[in-house]
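This is what each chain is made of:
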Amino acid sequence: MRRRELYDASSGIAGPRLLPWTTPEGKPCYLSTNGTGYLTSLADSVETVQLDMGEELLTYARDILAPGAKAVSGTEYRWIACRLTEALTDALRVADSRGRRIPDPDDAADGA
């Protein structure tokens, strides 16, 4: 088992997991899981891809904004701004999903 799965299993985290995608209408998707299974693995993989793509976009943005860099068109700046907005949305969703799976220290202390 991976470290997070071991942690989740040992802490007794239960409840729906916020998935890294939405419905066609933009509503959140959740998965009732024990931290194992195909959809859990798929969600982990999608989160990894989303975060990696965000890092690549950030590198590209830093390169075009660096002092002395070749100027790009307004269309290119708009494109990178749109992609960075998408990447930030994905990263915040991943952070929200992972944050929900971390137990509240106060609850853990009360149960001990």
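Throughout this document, residue positions are counted from 1 along each chain, in the order its sequence is written. The predicted origin of the model limits local features to residues at a pLDDT of at least 70 and limits the giving and counting of side-chain atom pairs to 80 or more, whereas totals for whole chains, interfaces and linings rest on all residues. Side-chain measures were taken over the full set of non-hydrogen atoms in the model, leaving aside hydrogen atoms and water.

Peer 1: Can you help me understand the packing of helix H2 (residues 38-65) against helix H3 (residues 74-100) in this one?
Peer 2: A pair of packed helices can be characterised by two numbers: the angle between their axes and the separation between those axes. Two numbers describe how H2 lies on H3: the axes approach to 9 Å, and their chain directions differ by 145°. Where H2 crosses over H3, the handedness of that crossing is left-handed. Here H2 contributes Glu-47, Gln-50, Leu-51, Gly-54, Leu-57, Leu-58, Tyr-60, Ala-61, Ile-64 and Leu-65 to the contact with H3, which in turn contributes Tyr-77, Trp-79, Ile-80, Arg-83, Leu-84, Ala-87, Asp-90, Ala-91, Val-94, Ser-97 and Arg-98. Residues are grouped as follows: Ala, Val, Leu, Ile, Met, Phe, Trp, Tyr, Cys and Pro are nonpolar; Asp, Glu, Lys and Arg are charged; all remaining types, including Gly, are polar. Residue composition of the contact of H2 with H3, by class: 14 nonpolar, three polar and four charged. With axes taken as lines fitted to C-alpha atoms, and helix axes fitted only over the stretch in contact, angles between N-to-C directions fall between 0 and 180 degrees. Runs of H or I in DSSP of at least four residues are treated as helices and runs of E of at least two as strands, each being numbered from the N terminus. Helix crossings get a hand from a simple test, with the near helix turned counterclockwise from the far one by less than a right angle marking a left-handed crossing and a clockwise turn marking a right-handed one. Note on definitions: a residue-residue contact is assigned when non-hydrogen atoms from the two residues lie within 4.5 Å.

Peer 1: I keep staring at the pairing of strand S2 (residues 28-32) and nothing clicks. Help me out?
Peer 2: Every regular strand shows the same layout, with side chains that alternate between the two sheet faces. Relative accessibility thresholds used throughout: buried, under 20% of the residue-type maximum; exposed, over 50%; partly exposed, between the two (1.4 Å probe, protein chains only). Side chains of S2 alternate between two faces, with Cys-29 and Leu-31 buried and Pro-28, Tyr-30 and Ser-32 left unburied. Relative to S2, strand S1 (residues 16-22) runs antiparallel, the two being bridged by four bridges. Considered in S2, the bridge of Leu-18 is made with Tyr-30. Strands are treated as partners if at least two bridges between them are detected by DSSP. What sits between the antiparallel neighbours S1 and S2 is a turn of five residues, in which Gly-26 has the positive phi angle 90°.

Peer 1: Would you explain the packing of aromatic side chains in this entry?
Peer 2: How two aromatic rings sit relative to each other is set out by the distance from centre to centre and by the angle between their planes. Each pair of aromatic rings taken from Phe, Tyr and Trp, with Trp reduced to its six-membered ring, is defined by centres within 6.5 Å and is described as stacked if the planes are under 30 degrees apart, edge-to-face if over 60, and tilted in the remaining cases. All told, the structure shown has one aromatic pair when counted by the stated rule. Ring centres 6.3 Å apart and planes at 85° place the aromatic pair Tyr-60 and Trp-79 in the edge-to-face group. A residue pair is termed long-range when its members are at least 10 positions apart, and Tyr-60 in helix H2 and Trp-79 in helix H3 qualify at 19 residues. Tyr-60 sits in the partly exposed class, given a relative accessible area of 34%.

Peer 1: What am I meant to see in H2 here?
Peer 2: The α-helix winds at 3.6 residues per turn, so residues separated by three or four positions along the chain end up facing the same way. By definition here, a helix of n residues has an expected span of 1.5 Å times n minus one. Over its 28 residues, H2 extends 41 Å from the first C-alpha to the last, a length consistent with the 40 Å expected when each residue adds 1.5 Å. Listed as buried for H2 are Thr-40, Ala-43, Asp-44, Glu-47, Gln-50, Gly-54, Leu-57, Ala-61 and Ile-64.

Peer 1: Which parts of the structure should I look at to understand the nonpolar core?
Peer 2: One recurring pattern in soluble globular proteins is that nonpolar side chains are buried together. We define the nonpolar core as a collection of buried residues of types Ala, Val, Leu, Ile, Met, Phe, Trp, Tyr and Cys that are connected through side-chain atoms lying within 4.5 Å of one another. Among the nonpolar cores identified, the biggest contains six residues, and these are Leu-57, Ala-61, Ile-64, Val-72, Ile-80 and Ala-87. Residue assignment for this core shows that the elements contributing at least two residues are H2 and H3. Sorting elements by how many residues they give to this core places H2 first, with three residues. Leaving out residues up to four positions away in the same chain, Leu-57 has contacts with Trp-79, Ile-80, Arg-83, Leu-84 and Ala-87.

Peer 1: Hey, could you run me through H3 in this one?
Peer 2: Taking 1.5 Å per residue as the helical rise, H3 with its 27 residues ought to reach 39 Å, and the 39 Å between its terminal C-alpha atoms agrees with that figure. Among all positions of H3, only Ile-80, Ala-87, Arg-93, Val-94 and Ser-97 are buried. Residues of H3 that are buried sit in contact with S1, S2 and H2.

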